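Topology and contacts: notes
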2 protein chains.
Amino acid sequence: MAGEFDLIRRYFNYPTSHTELGVGDDGALCVPRPGMQLVVSTDMLVAGTHFLPEADPGLLGWKAAAVNVSDMAAMGAEPRWITLAISLPAVDESWVAAFARGFRDCCEAYGVDWIGGDTTRGPLNLAPTVFGEVPAGRAIRRDGARHGDDVWISGWPGMAALGLAQVLGELQLVGAWGESCLERLHRPMPRVALGCALRGTASAMLDVSDGLLGDLAHILERSAVGAVLDEPALPLECLLAACRRTERATAALLSGGDDYELLFTAPRERRGQVEAIGRHCELPLHRIGRILDKPGLWLQRGDGVCEALPGRGYEHFRN
Amino acid sequence: MAGEFDLIRRYFNYPTSHTELGVGDDGALCVPRPGMQLVVSTDMLVAGTHFLPEADPGLLGWKAAAVNVSDMAAMGAEPRWITLAISLPAVDESWVAAFARGFRDCCEAYGVDWIGGDTTRGPLNLAPTVFGEVPAGRAIRRDGARHGDDVWISGWPGMAALGLAQVLGELQLVGAWGESCLERLHRPMPRVALGCALRGTASAMLDVSDGLLGDLAHILERSAVGAVLDEPALPLECLLAACRRTERATAALLSGGDDYELLFTAPRERRGQVEAIGRHCELPLHRIGRILDKPGLWLQRGDGVCEALPGRGYEHFRN
């Protein structure tokens, strides 16, 4: 069986493009560019909690990198370097090779140098840490939403949740949009170009990983504001095309995680800028609500009635 | 039961001293100092592989931070920031509180800001990632050892291995040095001051985590050289005082991991500098061998006979 160091040499050691020293020493050496701040994030993926142990290793590798890269997008930062600590119950070399290829493919797609990590024995667990750069003072945080700002969401959130429902046998999706739901679940595309383009335009931002309502609640809490969502503006079209059930589509949109779309706020007078950025990034941006000065989260229905919404997404350890 | 976000708020959220934005956003924001390079490392600790599930949580917290900080010392870098991704099978709040206190204590002892992480459900797994700073071009790598250099080791490597043997019931240690062996096992003290002081003096360096011979082999391989160790110069005194068995003490010294002492090489003409640095850091530095131009690792016994040594330390997945 391959030893730890053989494994690292064969599968976890790729050329880097902007790193002084990669895999093979006590630490990697990177040179941040002048005038840049460093953004750091880590998202751990555990077998049985975040994915099924029998998940396709190539897709899993992509996803492990992507969910971390998405945190850079959510700050308006450019992802630059990533490490991967991994524990494996045993070495299945074909699994490791496919996993590493998926992880590296995502790194290459986003210009990220994979600079090192740790390989050890234990229950399957993936712990990447990603480092990005943002011009000093330009990161888009969660605490900048202000009364009167618009609330925006990119793309078609909820697709990954529908995809998961089909994988779990709860739902039978149809047509091309049904296919797209599975693609979004398996191969999320972090919105890095959009996140960086929104610097100076968005007032607050995050990536939707635990569900739109739950993640919006984080912005509201950190910014000490409330929000009202405009039900007719919610982007349900593609979800309906895939599953043909309004209730299911709405639930996926509001509470589904795993899409890694960007949820952001921006002052009303920057609507034109936001729309131009959406066109430039070739990504639909939906204006779905507005920020209120009083705490709380409401849904304004098409008939004008406002109802309070529970602002909670997925949370580990919550009973 | 406490939810994920409550846990983070209560136990994983401490004030920082040199960080723009810590826990609570998609990523932390750090400002590297001008002229500095970034050193990044991650060491994962898994229950059942690196520690017993019933290990004292406070000591475990210290150790999880310390083994990562030690990788900064090994590069001659100053540890500055750390993240912690952790998976827990369930929430035992007293365990989490004690663990977090130990982790934070180590961070504080070494001036490291704990800036964020991830908390999730799964088999107990700790994945810190540490990053530090080193003046540009001054990191001490593994590939700089040259023919004729001296080989040095700090402190009394092997103590942690003897401590572990006692914990496993294989050995009964004696006296104050026996106590020290347990202390070294449970509460390793990364040699950060020494590592930084050796910039410009050491030609190659790493921290001994897998055993002196195995780790020395990494330097030899990366530097494309060999070495001979001088048996009478090996620092056995304290180990012998603790266990009174020469064979056991020698094995602990050469193959024991977990001490996190620094193993380094330095040109012969810098002996005086190395000795002065040892005095300044109040740490014994032992000159235990020299670098050869031909590959391989030998032990020169007191009677002048040279024997070849197996250059292998602990390796995960190795049968």
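Basis of the calculations
- Residues numbered from 1 in each chain as written.
- Chains lettered and ligands numbered in written order.
- Predicted model: local features only at pLDDT ≥ 70, side-chain atom pairs only at ≥ 80, totals over all residues.
- Heavy atoms only, no water.
- UniProt positions renumbered as here; feature names shortened; annotations may be inferred.
- Helix = DSSP H or I, 4+ residues; strand = E, 2+ residues; numbered from the N terminus.
- Buried < 20%, exposed > 50% of the residue type's maximum accessible area, 1.4 Å probe, protein only.
- Contact = heavy atoms within 4.5 Å.
- Pairing = 2+ DSSP bridges.
- Axes fitted to C-alpha atoms, helices over the stretch in contact; angles between N-to-C directions.
- Buried area = accessible area lost by both parts, 1.4 Å probe.
- Salt bridge = Lys/Arg side-chain N within 4 Å of Asp/Glu carboxyl O.
- Polar contact = N/O pair within 3.5 Å; in protein donor to acceptor, adjacent residues only side chain to side chain.
- Nonpolar A, V, L, I, M, F, W, Y, C, P; charged D, E, K, R; others polar.
- pLDDT = per-residue confidence, 0-100.
- Parallel < 35°, antiparallel > 145°, perpendicular 65-115°, else oblique.
- Phe/Tyr/Trp six-rings, centres within 6.5 Å; stacked < 30°, edge-to-face > 60°.
- Lys NZ or Arg CZ within 6 Å of the ring centre and 35° of its normal.

Per the UniProt annotation, the sites labelled "binding site: substrate" (unreviewed entry) are A:His50, A:Asp258 and A:Tyr314. Within the secondary structure, A:His50 is located in the loop between β3 (45–46) and α2 (57–73).

Okay, the UniProt feature "binding site: Mg(2+) 3" (unreviewed entry) in chain A next. If you check UniProt for "binding site: Mg(2+) 3" (unreviewed entry), the listed places come out as A:Asp26, A:Asp71 and A:Asp207 in our numbering. Taken together, the annotated residues stretch across 182 residues and extend over separate regions, lying up to 32.5 Å apart by C-alpha. Topologically, A:Asp26 is positioned in the loop between α1 (4–11) and β1 (28–30). Using a relative accessible area of 4% as the deciding quantity, one classes A:Asp26 as buried. Look past the residues within four positions of A:Asp26 in its chain and what remains in contact with it is B:Ser41, B:Asp71, B:Ala74, B:Met75, B:Arg142, B:Met205, B:Leu206 and B:Asp207. Along the polypeptide, A:Asp207 turns up in strand β8 (residues 204–207). Beyond its immediate sequence surroundings of up to four residues, A:Asp207 is in contact with A:Ser70, A:Asp71, A:Ala74, A:Asp215, A:Tyr260, A:Glu261, A:Leu262 and B:Asp26.

Turning our eyes to something else, we now look at the sheet that holds strand β11 (residues 285–292) of chain A. All names here are of chain A. Taken in spatial order, the seven strands line up as β8-β10-β7-β11-β9-β12-β13 in an open sheet, and their pairing is mixed. The open sheet is flanked by β8 and β13 (306–308), the only strands paired with a single partner. Across the sheet, the mean angle separating the axes of adjacent strands is 25° when strand polarity is ignored. As paired strands, β8 and strand β10 (residues 262–266) are joined by four bridges and run antiparallel to one another. When the bridges of β10 are listed, Ala-204 appears paired with Thr-265. In this fold helix α10 (residues 271–281) packs onto β7 (150–154), β10 and β11, with an angle of close to 5° to the strand it touches most, β7.

A few words now on the interface of chain A and chain B. Where interface size is given, it is often the accessible area lost as the parts come together that is meant. Facing the 71 residues of chain A at the interface are 71 residues of chain B. Each partner contributes to the roughly 5800 Å² buried at the junction of chain A and chain B, and carbon and sulfur atoms together form 56% of this total. Here chain A and chain B share four salt bridges between them. In this structure, the salt-bridge partner of A:Asp25 is B:Arg142, at a minimum N-O distance of 3.7 Å. Along the contact surface separating chain A from chain B lie 18 residue pairs in polar contact (both at pLDDT 80 or more). Residue assignment for the side of chain A that touches chain B shows that the elements contributing at least two residues are α1, β1, β2 (36–42), β4 (78–88), β5 (113–121), β6 (125–135), β8 and α7 (212–223) of chain A. Take the side of chain A that touches chain B: its biggest share by element is seven residues, from β2(A). Of the residues assigned to the side of chain A that touches chain B, the class counts are 34 nonpolar, 19 polar and 18 charged.

A word on the confidence of the model for chain A. The predicted model of chain A has a mean per-residue pLDDT of 91, with 96% of residues at 70 or higher. As a predicted assembly, this complex carries a pTM of 0.90 together with an ipTM value of 0.86.

This part covers the side chain of B:Thr201. All names here are of chain B. Within the fold, Thr-201 resides in the loop between α6 (192–197) and β8 (204–207). When its relative accessible area of 5% is taken as the criterion, Thr-201 is described as buried. Not counting residues up to four positions away in its chain, the partners in contact with Thr-201 are Ala-266, Pro-267, Arg-270, Gln-273, Val-274 and Ile-277.

The next point concerns the sheet that holds strand β7 (residues 150–154) of chain B. Residue and element names in this part refer to chain B. The seven strands lie next to each other as β8-β10-β7-β11-β9-β12-β13, forming an open sheet whose pairing is mixed. Sheet topology places β8 and β13 (306–308) at the edges, where each strand pairs with a single neighbour. Taken pair by pair, the neighbouring strands of this sheet meet at an average axis angle of 25°, ignoring direction. Judged from the five bridges that link them, strand β9 (residues 226–230) and strand β12 (residues 296–300) form a sheet pairing that is parallel. Across the sheet, the residue bridging to Ala-227 is Leu-297, located in β12.

Another point: the pattern of salt bridges. Tallied over the full model, the rule gives 27 salt bridges over all chains. For A:Arg248, the salt bridge identified is with A:Glu170, shortest N-O distance 3.0 Å. Taken as a pair, A:Arg248 in helix α9 (residues 246–255) and A:Glu170 in the loop between α4 (159–167) and α5 (175–186) lie far apart in primary sequence, 78 residues in all. Two residues, B:Glu133 and B:Arg33, come together in a salt bridge whose shortest N-O distance is 2.7 Å.

All names here are of chain A. Between α4 and α5, the least distance of the axes is 7 Å, while the angle of their chain directions is 95°. Taken together, α4 and α5 sit at an angle that is classed as roughly perpendicular. Contacts from Met-159, Ala-160, Leu-162, Gly-163, Leu-164, Gln-166 and Val-167 in α4 reach Trp-177, Ser-180, Cys-181, Leu-182, Arg-184, Leu-185 and His-186 in α5. Taken together, the residues of the contact of α4 with α5 sort by class into nine nonpolar, four polar and one charged.

Turning next to the packing of aromatic side chains. Residue and element names in this part refer to chain A. In this structure the tally under the stated criterion is 12 aromatic pairs over all chains. Feature note: the residues Trp-95, Phe-99, Phe-103 and Trp-114 constitute an aromatic cluster, connected by ring pairs. We note Arg-287 situated over the ring of Trp-152; from NZ or CZ to the ring centre the distance is 6.0 Å. The positively charged end of Lys-294 is found above the aromatic ring belonging to Trp-298, 5.0 Å away from the centroid.

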